[in-house]
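What the coordinates show
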Amino acid sequence: MTSTAHHSDIQGGGGEPWRGVTVAVCSYNGLTNDKLPRTLRALRDAGCPEETITLYDIASTDGSIPFVQRDFPRVRIERQAENVGPSPSRNRAITGCTTPYLLLLDSDAQLRPDTLPAMRRAIESDPGIGIVSPVCLYGDRPQVVQYSGLNLHFLAEAINPWLDRLGAERGDADLDVGCAPCVALLLRPEAAVRAGLFDVRYFVCKEDGDFTHRVRVAGYRIVEAGGARVIHSCTPRGTNMFRRQLCNGWHLPFKCYQKRTLVLILPMLWVHHLLQGLFLLKKGQIGAW
């Protein structure tokens, strides 16, 4: 990785609630569908000092770097030479963070002006909280929940009880959760280091569930700040992701679970994956299975 922009080390920066927060935006071809520009503009509108932001560009080929250099000149840029997924860049952001908190964003996540204040209040309420996540809303349906109240099922799938329900119905109460999507995370860098950082063997799919699960195993709470909302302007994953989802569905439990747990759940894992195979057969994607 090479730095293509420079700024002095930031220990604070800006007024509350941004003081003591470093922002890392991970992006691959972020100009597609105007995702990265909207994310950076949302940060600016929320009062985030530009010089506290680092763009971790993952081998983009769409002109993302020249765009940021031109339109957001005080944003630092770190380039990942190969597209091997976002985890190496996330780890670089964590280990290089010199402030108490790191706001880790995907390039398709737009914060509202009141998002970071709500997340900051939550993480400062208890030193045992390692991660705070917002309620994630759909980009094309910003009143509807995409992710909220997540927990990790023992079959290594996410339990998402608020999926496709109204954000107003979710309310503003903070919740302890079992895992969180890596759309927008406010975290204590030391908690991430203690948990072992992101596993770079994942390209995408389940790497966030793996990471946040290990943060909990390391003894930290994960809290979803109900008053914090983020717009997630994601695009549907293509069929090329089926194979990664299946492989990672085996990798996560065999890596993270104790042997006695695996002995108990292995029959159910096989049934689960056989059913997934039947689903893929119906979809004409049995080759992925």
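Residues numbered from 1 in each chain as written. Predicted model: local features only at pLDDT ≥ 70, side-chain atom pairs only at ≥ 80, totals over all residues. Heavy atoms only, no water.

**Section: the pairing of strand β7 (residues 129-138)**
Where burial is concerned, most of β7 is hidden: 10 out of the 10 residues are buried. Relative to strand β13 (residues 221-232), β7 runs parallel, the two being bridged by 9 bridges. In the strand pairing of β13, Tyr 138 is matched with His 232. Relative to strand β12 (residues 184-187), β7 is paired through 2 bridges, and the arrangement is antiparallel. (Buried < 20%, exposed > 50% of the residue type's maximum accessible area, 1.4 Å probe, protein only. Helix = DSSP H or I, 4+ residues; strand = E, 2+ residues; numbered from the N terminus. Pairing = 2+ DSSP bridges.)

**Overview of the side chain of Gln 80**
With respect to the helices and strands, the residue Gln 80 is situated in strand β4 (residues 76-80). Engagement of the side chain of Gln 80 in a polar contact is seen with the backbone oxygen of Gly 85, the distance being 3.0 Å. (Polar contact = N/O pair within 3.5 Å; in protein donor to acceptor, adjacent residues only side chain to side chain.)

**Considerations on unusual backbone geometry**
Notably, Asn 29 is not glycine yet its phi reads approximately 50°, a positive angle. Relative to the helices and strands, Asn 29 is located in the loop between β2 (21-27) and α1 (35-45). Judged by its relative accessible area of 12%, Asn 29 falls in the buried class. Non-glycine residue Asn 33 carries a positive phi angle of around 60°.

**Topic: a nonpolar patch on the surface**
The grouping of Val 271, Leu 275, Leu 278, Leu 281 and Ile 286 at the surface amounts to a nonpolar patch, some 480 Å² of accessible area in total. With respect to the helices and strands, the residue Ile 286 is situated in the segment after α9 (259-282). (Patch = residues over 30% accessible without salt bridge, like charges linked within 9 Å, V, L, I, M, F, W, Y side chains within 5 Å. Areas by Shrake-Rupley, 256 points an atom, 1.4 Å probe, with all protein chains shown as cover. Salt bridge = Lys/Arg side-chain N within 4 Å of Asp/Glu carboxyl O.)

**Overview of the environment of Ile 77**
Within the secondary structure layout, Ile 77 lies in strand β4. A sequence separation of 22 residues divides Ile 77 from Leu 55, and the C-alpha atoms of the two residues are 4.8 Å apart.

**Description of the packing of α1 against helix α2 (residues 64-71)**
Their axes nearest at 11 Å, the elements α1 and α2 cross at an angle of 30°. Taken as axis vectors, α1 and α2 run roughly parallel relative to one another. Crossing of α1 over α2 shows right-handed handedness. Contact residues: Leu 36, Pro 37 and Leu 40 in α1; Ser 64, Phe 67 and Val 68 in α2. Tallied by class, residues from the contact of α1 with α2 come to 5 nonpolar, 1 polar and no charged. (Axes fitted to C-alpha atoms, helices over the stretch in contact; angles between N-to-C directions. Parallel < 35°, antiparallel > 145°, perpendicular 65-115°, else oblique. Left-handed = near helix turned anticlockwise from the far one by under 90°. Contact = heavy atoms within 4.5 Å. Nonpolar A, V, L, I, M, F, W, Y, C, P; charged D, E, K, R; others polar.)

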